[in-house]
Structures are given as C-alpha cells and as structure tokens.
Amino acid sequence: MKNSISDRSFYIESSDDEDFDKEIDDGNESESSGSSVDNRNINQPSSYNAAAWPQSYRQSIDMLGSLHSPSIGLLGTPSLARFGSSFLSSSLTRRFTPEAFSSSISKPLLPTVIDEQQKYAPYSPLGPQLPSRRSSISVRRDDKDKPVVDSHGLPISRHCSFGQAVVNGINVLCGVGILSTPYAMQQGGWLGLSILLIFAVLSFYTGILLRACLDSKPGLETYPDIGQAAFGAIGRVAISIILYVELYASCIEYVILESDNLSTLFPRAHISFGGFELSAHLLFAIATALAVLPTVWLRDLSILSYISAGGVIASIVVVICLFWVGLVDDVGFHGTVTPLKLSTLPVALGLYGFCYSGHAVFPNIYSSMGKQSQFPAVLLTCFGICTLMYAGVAIMGYLMFGESTLSQYTLNLPQDLVASKIAVWTTVVNPFTKYALTISPVAMSLEEFIPPNHPKTHIYSILIRTALVISTLLVGLSIPFFGLMMSLIGSLLTMLVTLILPCACYLSILRGKVTFLQITLCCIVIAVGVIASAFGSYSSLKKIIEKLSA
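Everything numeric in this text was worked out from a predicted model, so none of it was measured.

### A closer look at the overall build of the protein
Thought 1: Each helix and strand counted, the protein has 20 helices and eight strands in total.
Thought 2: Burial statistics for the protein: of 550 residues in total, 58% are counted as buried.
Thought 3: Considering only intrachain contacts with a sequence separation of at least 6, the fraction spanning at least 24 residues in the protein is 85%.
Thought 4: Total accessible area computed for the protein in this model is approximately 22,200 Å², and 67% of it derives from carbon and sulfur atoms.

### A short note on the nonpolar core
Thought 1: With 131 residues, the main nonpolar core has Phe199, Tyr352, Tyr356 and Tyr435 as its most contacted residues.
Thought 2: Of all the elements, helix α10 (residues 223-265) adds the most residues to this core, at 16 residues.
Thought 3: Setting aside residues up to four positions removed in sequence, Tyr352 forms contacts with Thr181, Ala184, Met185, Gly192, Leu193, Ile195, Leu196 and Phe199.

### Topic: helix α17 (residues 418-447)
Thought 1: The end-to-end C-alpha distance of α17 is 45 Å, a good match for the 44 Å that 30 residues give at a rise of 1.5 Å each.
Thought 2: Of all the bends found along α17, the most pronounced is centred on Lys434 and spans about 35°.
Thought 3: α17 sits mainly inside the fold: 23 of its 30 residues count as buried.

### Here we look at the packing of aromatic side chains
Any aromatic ring pair is given by two values, namely how distant the centres are and how the planes are angled relative to each other.
Thought 1: Applying the stated rule across the entire model yields 11 aromatic pairs.
Thought 2: Note on Phe266 and Trp425: the rings are 6.2 Å apart at their centroids and 70° apart in plane angle, and the pair reads as edge-to-face. Remark: Trp425 occurs in helix α17 and Phe266 occurs in the loop between α10 and β7 (271-273); sequence separation between them is 159 residues.
Thought 3: Its relative accessible area of 38% is what places Phe266 among the partly exposed residues.
Thought 4: Given a relative accessible area of 39%, Trp425 falls into the partly exposed group.
Thought 5: The structure contains a cluster of three or more aromatic residues connected by ring pairs, namely Phe204, Tyr356, Phe362, Phe383 and Tyr390.

### Details of the pattern of salt bridges
Thought 1: As enumerated under the stated definition, the model contains five salt bridges in all.
Thought 2: Among the salt bridges present, the one from Asp215 reaches Arg211, with a minimum N-O distance of 3.5 Å. Of this pair, Asp215 and Arg211 both sit in helix α9 (residues 193-216), four residues apart, which is roughly one turn of the helix.
Thought 3: On the accessibility criterion, Asp215 (4% relative accessible area) is buried.
Thought 4: Glu447 is the salt-bridge partner of Arg465, the closest N and O atoms lying 2.6 Å from each other. Residue Arg465 is located in helix α18 (residues 457-478), and its partner Glu447 is located in helix α17; the two are separated by 18 residues in the primary sequence.
Thought 5: Here Glu447 falls in the buried class, since its relative accessible area comes to 0%.

### Comments concerning the packing of helix α13 (residues 311-327) against α17
Thought 1: Interaxial distance between α13 and α17 falls to 9 Å at its minimum, and their mutual angle equals 160°. Classified by the interaxial angle, the pair formed by α13 and α17 is roughly antiparallel. You can see that α13 and α17 cross each other, and the crossing is left-handed. Of the residues in α17, those touching α13 at Gly311, Ala314, Val317, Val318, Cys321, Trp324 and Val325 are Ala419, Ser420, Ile422, Ala423, Thr426, Thr427, Asn430 and Lys434.
Thought 2: The class makeup of the residues in the contact of α13 with α17 is nine nonpolar, five polar and one charged.

### Some points on empty space enclosed by the protein
Thought 1: Inspection of the entire model under this criterion finds seven cavities of 30 Å³ or more.
Thought 2: Forming the boundary of the largest cavity are 21 residues, of which Leu64, Val172, Ser250, Tyr254 and Ser357 lie nearest the centre.
Thought 3: Looking at the lining of the largest cavity, the elements that each hand over two or more residues are α7 (162-173), α10 and α17.
Thought 4: In terms of residue count, the dominant contributor to the lining of the largest cavity is α10 (five residues).
Thought 5: Its residues assigned to classes, the lining of the largest cavity shows 11 nonpolar, eight polar and two charged.

### Some words on the packing of α9 against helix α20 (residues 516-549)
Thought 1: Following both chains from N to C, one finds α9 and α20 inclined at 125°, their axes separated by 11 Å at the closest point. Compared by their axis directions, α9 and α20 come out oblique. Regarding α9 and α20, the two cross each other, and that crossing is left-handed. Across the interface between the two elements, Phe199, Leu202, Tyr205, Thr206 and Leu209 from α9 touch Gln518, Leu521, Cys522, Val525, Val528 and Ala532 from α20.
Thought 2: When its residues are assigned to classes, the contact of α9 with α20 shows nine nonpolar, two polar and no charged.

### Details of a nonpolar patch on the surface
Thought 1: Taken together, Trp324, Leu327, Val328 and Phe333 make up a surface patch of nonpolar side chains, about 390 Å² in accessible area.
Thought 2: Judged by its relative accessible area of 39%, Phe333 is partly exposed.

What counts, and at which threshold
- Residues numbered from 1 in each chain as written.
- Predicted model: local features only at pLDDT ≥ 70, side-chain atom pairs only at ≥ 80, totals over all residues.
- Heavy atoms only, no water.
- Helix = DSSP H or I, 4+ residues; strand = E, 2+ residues; numbered from the N terminus.
- Buried < 20%, exposed > 50% of the residue type's maximum accessible area, 1.4 Å probe, protein only.
- Contact = heavy atoms within 4.5 Å.
- Areas by Shrake-Rupley, 256 points an atom, 1.4 Å probe, with all protein chains shown as cover.
- Core = buried A, V, L, I, M, F, W, Y, C linked by side-chain atoms within 4.5 Å.
- Expected span 1.5 Å × (residues − 1).
- Bend = angle between axes of the 7 residues up to and from the residue.
- Phe/Tyr/Trp six-rings, centres within 6.5 Å; stacked < 30°, edge-to-face > 60°.
- Salt bridge = Lys/Arg side-chain N within 4 Å of Asp/Glu carboxyl O.
- Axes fitted to C-alpha atoms, helices over the stretch in contact; angles between N-to-C directions.
- Parallel < 35°, antiparallel > 145°, perpendicular 65-115°, else oblique.
- Left-handed = near helix turned anticlockwise from the far one by under 90°.
- Nonpolar A, V, L, I, M, F, W, Y, C, P; charged D, E, K, R; others polar.
- 1 Å grid on protein atoms, 1.4 Å probe; cavity = no way out; pocket = protein on both sides within 12 Å on 5 of 7 lines; lining within 4 Å.
- Points joined across faces, edges and corners; volume = space filled by probe spheres on them.
- Patch = residues over 30% accessible without salt bridge, like charges linked within 9 Å, V, L, I, M, F, W, Y side chains within 5 Å.

No statement about biological role is implied by the geometric values presented.
Here it is, written out as structure tokens:
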C-alpha cells in the first residue's frame with residue numbers, strides 16, 4: 001500500500017506492450033518507428049506529484065477554476081452526466097485517502113510523451129516559444145475517448161475549447177478585485193493606473209513562463225509540480241502553502257465583503273440579548289459564516305461549480321450597473337483629478353496586484369485544453385478583457401466619487417436606484433457560491449494528514465472545515481478593512497505567486513537553456529515583484545495597525 005501511488009502515477013498501464021505500440025496515435029504515422037522510445041518514456045513513472053503533499057491540489061483547483069463545468073450557450077451543450085448518483089453518494093464530506101488518490105491517478109491525468117527533438121525548443125528573445133505538449137501526446141486509441149475521472153467519479157475535461165478556457169480564465173482573474181479598482185485609483189492617482197497596465201504585461205509574461213515550465217518535463221501539470229521540479233520537495237510544499245494561504249485570505253475577504261454590503265442594504269438590522277447588542281456588521285458577518293457552513297461540508301461541489309461559473313456574468317453585471325448609474329441615472333462625474341499620490345501609492349500597488357491573482361489555476365487550464373498551442377492566445381484574451389474592465393471601472397468610479405471613493409464602489413452607489421440594488425445584490429450573492437469552492441482546496445490539503453482508515457474520518461473532516469469557516473469569520477471581524485486586506489494579500493502573496501515564483505522556477509528548471517536576455521527579463525520581473533511586495537506590504541500593515549489602534 002505504501003507504493004500504491006508512487007508506483008502507478010502518471011503512466012499508462014498496459015497488459016500487452018505490443019498492442020500498445022501498435023495503438024499509439026501521435027497524429028503522425030511516419031513517426032511510428034519511434035514508438036518503442038515513446039513506450040519506454042510512458043512506462044517510466046514520473047516522480048512529480050507521486051505520494052507528495054498535497055495530492056488533492058489538482059482536483060480542488062479544477063473545481064475552483066470551473067474547468068469541468070459545462071459549456072453554456074455559444075460554448076457548447078451542457079453535459080449533465082457528472083450529476084449521476086455520485087452527487088448523492090459523495091455529497092457529505094469524505095477525506096482523500098491514499099487509496100482514493102491512487103484509484104484516480106492509476107491512469108495518467110495527461111499521458112504525455114515529450115519528443116526528444118521537441119523537449120527543449122528554441123526560445124525567442126522575449127520569452128520561451130515551446131511547442132504545445134498536445135502535439136507530442138501519445139494516447140492509446142482505446143483510451144482516448146475514456147473520460148479521466150477524479151476520486152469521486154467526476155470527469156476531468158481534457159478537451160477544453162478556446163472559448164471555455166477564456167471563460168475559465170476570466171472567471172479566475174475578474175473577481176472581487178474589480179470592486180476596488182476605483183479605490184486603487186483614489187489611493188494612487190491617475191498616473192497610478194499605469195501600474196495596472198505594467199502588472200498586466202508582467203503577469204501575462206509569467207503566465208507564458210509557467211507554460212514553459214510545464215512543457216519542460218513530462219508529468220508536470222500543476223503549480224506545486226512546477227515547484228517540485230524547480231526546488232524539490234521543499235519547493236512543492238512551500239508553493240502549496242503560499243497558494244493555500246492566498247485562498248484562505250480570499251475567504252476572509254468574502255466575509256468582510258458580505259458584511260459591508262449587507263449592512264449597507266439593511267443598516268438598522270441588529271440583535272439585542274442580555275444587554276449585548278450585535279451591530280449590522282457583526283450580525284451579517286456571523287450570518288454569512290452560518291450560511292456558507294453547510295456548503296463547506298459538502299464534498300461534491302458540482303452544483304456550486306456550475307453556479308460559480310457565472311462569476312463572469314456577475315462581474316459584467318456590476319460593471320454595467322456602475323456605468324448605468326453614472327451615465328443614464330445622471331449621477332454625473334464630480335470627482336477631482338489627482339495626478340499622483342506618492343504617500344498612498346504602495347496601497348494601490350497591492351490592490352492592482354490582487355487583480356491578477358490567477359496563476360494558481362493557469363497550469364490547470366493549460367493542462368485541460370484540447371489545443372494547448374492556443375494557450376498564449378487564451379492568456380492574451382483574458383488579460384486584455386480583464387484589464388479593459390479594470391481600467392474602465394477604475395476611471396468611471398473615480399470620476400463619479402473622487403476622494404470619497406470607498407474600498408468597494410458598490411458602497412458608494414446611491415441606494416435608491418434600481419441599478420445600484422442590482423449591483424449590490426449581485427455582489428452579495430456571488431461570494432456565497434464561491435466561498436466553499438475557495439476554501440475546499442485548503443480543507444482537502446489538511447484532510448490528507450488524517451491517518452488512513454481512521455474510524456472518525458468523517459467527523460474530523462467536518463471539524464476541519466468548520467474550524468476554517470470560524471477562523472475566517474474571526475479574522476474578518478478582527479481586521480474588517482476590505483481594501484487594506486486586499487492590498488496586503490496582493491502585495492504579500494499575489495506578488496509571490498504571480499511575479500516572483502514563476503520567474504524563479506523558470507530559471508531553475510531551464511537553467512543552462514535560457515538566453516542572457518531571458519535571464520535579464522526574469523530578474524527585472526523578480527525585482528519589480530520584490531519591491532512592490534515590500535512597499536505594499538509595509539504600507540498596508542502600517543495602515544491596518546493605525547486603524548486598529550484608533
């Protein structure tokens with residue numbers, strides 16, 4: 001049982017090697033002479049992700065990124081096959097035992113054979129130009145149409161289209177950060193908006209670097225896999241912890257967000273008992289935790305992943321409502337124009353950085369694509385659309401509210417307008433569907449430490465998830481500053497995940513195969529990330545301490 005995972009990870013099991021060689025289909029019949037070499041490569045188990053913590057990362061992040069959600073409308077036809085009996089049978093919390101993982105990965109998540117001539121392709125002066133791994137994939141004919149399933153029997157899509165990948169990418173990038181871009185402009189001034197554009201370019205580049213890392217060696221599919229390839233087991237654990245802390249901090253933001261917006265809708269709500277009174281903020285924060293708690297206990301989050309895929313629609317709705325209030329409802333533009341604010345610019349650094357915290361999911365999106373050569377175009381489309389939305393909202397919100405702009409522009413909207421109510425309620429409903437999906441990867445990683453075959457596994461899982469919800473509530477009540485918390489997350493964590501670590505991993509994995517210009521570019525990106533992280537974190541922490549002391 002000790003070797004049930006490591007001996008069977010990332011290779012195709014075949015009882016007949018000759019049939020396997022005959023059935024290999026790499027899209028080019030002329031390469032059949034090299035099938036024996038490919039066969040040897042396939043049957044070499046990859047050391048990455050083999051019995052290493054966290055084992056649940058791939059499935060949990062796929063769920064969070066809606067990678068297995070159905071296509072809707074123009075993207076395709078909804079598939080309800082995944083809703084079978086597995087929803088009822090695995091809805092309540094189960095932990096991931098090694099046996100469960102080995103059953104789900106006994107066949108490769110993405111069986112690959114890296115062609116020796118294409119393993120390290122030439123690089124362009126500005127960055128890696130590696131061929132898509134899809135072009136070098138060798139799959140058995142009788143396995144190509146079999147869906148790869150996770151430990152709950154839910155299919156993991158390996159044929160994600162360009163449109164689906166774009167929607168998934170936008171859904172990850174364009175979240176609650178869009179509510180704070182006017183506040184970021186208020187903190188940094190007009191010229192501070194250039195930081196948003198700089199981060200967009202750098203984040204796009206580091207996204208391409210992650211692809212290069214994935215293509216460099218067979219068996220790499222997730223961000224922790226990249227960390228392990230670059231820095232060994234320590235790198236895998238360190239990167240995983242950073243990613244999980246970022247997800248955990250996002251759940252804290254959800255609690256603060258719900259409390260702020262619901263208390264705006266119902267400012268007089270309160271409860272008094274025994275001489276103790278719960279204010280609107282405290283009441284709605286507790287209500288939020290109680291509301292999301294049952295969803296966190298569920299293991300099968302199929303329904304929530306379907307609903308959360310509407311995050312793109314929710315973002316578009318709140319943007320339209322802002323423009324409607326400013327242009328149609330004649331609220332007008334009364335904001336002053338401040339070119340640059342050096343004193344509060346570091347706060348804007350973190351807020352703008354938070355807008356591009358999607359790199360944890362990008363490797364999963366790449367691995368799920370049917371045509372992986374389209375990944376750079378997917379990234380370019382996602383970053384282009386999101387940057388236009390961020391910049392448009394920042395400019396519009398700052399022109400409308402000026403120096404009185406709050407950390408969430410929904411709090412500035414006149415409450416008597418229909419568009420304002422739509423924006424606020426859309427903002428309120430969306431986090432309820434995303435909280436469980438966001439905290440689930442953290443919970444699954446902790447559940448891996450429960451001893452195998454423990455008789456009280458189910459109880460421990462519920463306790464872990466309940467404790468996580470309660471802890472996010474307590475932190476949210478202790479530091480109820482949405483904008484400053486977002487700036488701290490963006491400065492301390494997002495800079496690491498988005499700018500610093502991709503470059504560091506790229507230089508480590510492909511050392512000796514990169515040009516001087518590429519090394520220089522990576523060093524520049526790392527320097528920008530370190531400087532922005534240092535100044536942004538210091539400024540955010542200083543302001544949080546000042547507010548707590550006031």
